[in-house]
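One letter stands for each residue in the lines below.
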Amino acid sequence: MKKESKFKIARRYAVAMYEAAEESGDLKKTAADLRLLEEAVSEEPEIAACLANPLWRVQDKKDALKKTAQKLKLADETLKSLCVIADNGRFAELGSILKAFRSLYYEKHNIEEVRVVTVKPLSKQQDEKLRNNLEKLLEKKVVVSYEIKPEILGGLIVSYGSDMVDDSISGKLKQLETVMKGGR
């Protein structure tokens, strides 16, 4: 029997979760819940590792999930999906499943994830202007995540999809160095 890739497994769970949430009318709430869980798992990977522990009984995992869902006020559909993941022993792939769900949600709602690297945080006006320009350029809603890197010296590095625009001072210096060495 051929082993299935983790990507395919994560995508299958994400599609099932998306369709169930859409059918129940909880799609926006479920998407927000799963984004919250994705952030928690990325900040503290031991959460998923603990839930993936085969020594911990499935029913105990589900009980812990129910208590967590009550505290965080998670949608019923979110809890049901997490219980299915527990039943099938797929918590080792939780991070991948959550990421696949987010990608699917963004794809279906015409949203583009954009990563912006800056030297310092942008002002509210700069952020708004950048978001508006990106939405016009991409003809989609954008979700921007910022990363602060003083080593770029100034300017911005903007990444979306497989594209990157490097308008940083360090990037321009590297280009100049390449040209001076006789490269292109």
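As a reminder, the structure under discussion sits directly above these lines.
Everything numeric here is computed off the predicted structure, so don't read it as measured data. Numbering of residues begins from 1 in every chain and follows the order in which that chain's sequence is written. Residue-level local features of this predicted model are given only where pLDDT is at least 70; pairs of side-chain atoms are given and counted only at 80 or more, and the full residue set underlies all totals for whole chains, interfaces and linings. Derived side-chain values reflect all non-hydrogen atoms in the structure, with water molecules and hydrogen atoms excluded from consideration.

> Would you mind showing me how to read the overall build of the protein here?
In DSSP terms, a helix is any run of H or I states spanning at least four residues, a strand is any run of E spanning at least two, and both are numbered starting from the N terminus. For the protein, the count of helices and strands is eight helices and four strands. Counting helices and strands in the order they occur from the N terminus, the protein gives α-α-α-α-α-α-β-α-β-β-β-α. A radius of gyration in this sense is built from C-alpha atoms; the matching globule rule multiplies 2.2 Å by the number of residues raised to 0.38. In terms of overall dimensions, the protein is more spread out than a globule: its C-alpha atoms have a radius of gyration of 21 Å, far above the 16 Å expected for 184 residues. With respect to the three principal axes, the spread of C-alpha positions in the protein is 65 × 35 × 30 Å. Relative accessibility thresholds used throughout: buried, under 20% of the residue-type maximum; exposed, over 50%; partly exposed, between the two (1.4 Å probe, protein chains only). Across the 184 residues in the protein, those meeting the buried criterion constitute 34%. In the protein, of all internal contacts separated by at least 6 residues, the share reaching a separation of at least 24 is 67%. Only the protein chains shown count as cover for residues, and the accessible areas themselves come from Shrake-Rupley with a 1.4 Å probe. Surface exposure of the protein reaches about 12400 Å², of which carbon and sulfur atoms provide 53%. Taking the 34 positively charged and 30 negatively charged side chains of the protein as two groups, their mean positions are separated by 2 Å. What makes two residues a contact is simply this: any of their non-hydrogen atoms within 4.5 Å. All tallies of charge rest on Lys and Arg as positive and Asp and Glu as negative; His and the ends of each chain are not included. The atoms used to mark charge sites are NZ of Lys, CZ of Arg, CG of Asp and CD of Glu.

> How should I be thinking about the side chain of Lys62 in this particular structure?
When you line up the elements, Lys62 lands in helix 4 (residues 58-72). A residue is classified by how much of its surface remains accessible, and Lys62, at 16% relative accessible area, is buried. Not counting residues within four places of it along the chain, the set of residues in contact with Lys62 comprises Cys83, Ala86 and Asp87.

All quantities given are derived from atomic positions and should not be read as evidence of function.
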